[in-house]
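Coordinate analysis (summary)
Spelled out, the chains give:
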Amino acid sequence: MPEKPLFAYDYTKENVELVRQTCLSVSTKLGDLLDDLVVVGSLGLSPLLKEAETKKALEILTRDFVDPDSIGPSRVAQFQYNEPNPDLQADVAGYTRELLDKRSKAGS
């Protein structure tokens with residue numbers, strides 16, 4: 001099996017565009033339902049929220065993704081652009097904070 005590329009620029013332009021279009025399509029559809037999805041998802045997954053693995057994942061998101069200059073957003077920018085990108089890093093951190101905030105408001 002061939003190794004997967006490590007960076008976005010290692011993919012063909014066609015594959016990158018296909019992924020971009022798919023992500024935009026999915027995010028557009030889900031974006032309108034984000035509040036409902038988070039609440040329904042939190043309720044449906046509430047048993048998982050008590051699992052040690054889930055708690056660890058949430059700790060990692062909090063530790064590594066809520067600050068635009070932390071490792072999570074920095075690696076996303078590195079993957080996407082092969083260099084820092086303050087706008088993308090701010091978006092990644094903001095989306096992570098929003099997700100964590102909505103999860104905590106959902107009662108978990």
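In this report, we go over the structure that sits alongside the text. (Residues numbered from 1 in each chain as written. Predicted model: local features only at pLDDT ≥ 70, side-chain atom pairs only at ≥ 80, totals over all residues. Heavy atoms only, no water.)

1. What about the overall build of the protein chain?
Here is the rule: Helix and strand assignments follow DSSP, with helices taken as H or I runs no shorter than four residues and strands as E runs no shorter than two, numbered in order from the N terminus. Only protein chains enter the calculation, and the probe is 1.4 Å; a residue is then buried if its accessible area is under 20% of its type maximum, exposed if over 50%, and partly exposed in between. In this analysis, two residues are considered to be in contact whenever any of their non-hydrogen atoms come within 4.5 Å of each other. To be clear on the numbers: accessible area is Shrake-Rupley with a 1.4 Å probe, and residue cover counts the displayed protein chains and nothing else.
If you tally the helices and strands in the protein chain, you get 6 helices and 0 strands. Split into buried and exposed, the 108 residues of the protein chain put 17% on the buried side. For the protein chain, the proportion of contacts with a sequence separation of at least 24, taken over those separated by at least 6, is 51%. Element-wise, carbon and sulfur atoms account for 61% of the exposed surface of the protein chain, whose accessible area totals about 8200 Å².

2. With respect to the environment of Glu 98
Looking at the element boundaries, Glu 98 is found in helix α6 (residues 86–105). Of the residues examined, Glu 98 reaches a relative accessible area of 33% and is grouped as partly exposed. Sequence separation of Glu 98 and Val 66 is 32 residues, and the distance between their C-alpha atoms is 9.3 Å.

3. Points about unusual backbone geometry
Although it is not a glycine, Asn 82 sits at a positive phi angle of roughly 60 degrees. Mapping Asn 82 onto the fold places it in the loop between α5 (71–81) and α6. What makes Asn 82 partly exposed here is its relative accessible area of 33%.

4. Some details on α5
As a reminder of what qualifies: It is the directions from the helix axis to the C-beta atoms that the arc portrays.
Residues of α5 that are buried: Gly 72, Pro 73 and Ala 77. Down the axis of α5, the smallest arc covering the buried residues is 130 degrees, so these residues share one side. Just beyond α5, the residue with positive phi is Asn 82, at close to 60 degrees.

5. Let's talk about the environment of Pro 68
Positionally, Pro 68 belongs in the loop between α4 (52–65) and α5. Residues Pro 68 and Pro 86 lie 18 residues apart in sequence; the distance between their C-alpha atoms is 7.4 Å. Apart from the residues lying within four places of it in its own chain, the contact partners of Pro 68 are Pro 73, Ser 74, Gln 89, Ala 90, Ala 93 and Arg 97.

6. Focus: the side chain of Asp 64
Among the secondary structure elements, Asp 64 is positioned in helix α4. Judged by its relative accessible area of 14%, Asp 64 falls in the buried class. Among residues more than four places away in sequence, those in contact with Asp 64 are Ser 70, Ile 71, Gly 72 and Pro 73.

7. Remarks on the pattern of salt bridges
The criterion, for reference: Criterion for a salt bridge: a side-chain nitrogen of Lys or Arg within 4 Å of a carboxyl oxygen of Asp or Glu.
According to the stated counting rule, one finds 1 salt bridge in the structure shown. For Arg 63, the salt bridge goes to Asp 64, with nearest N and O atoms at 2.8 Å.

Purely spatial values, then, with no claim about function.
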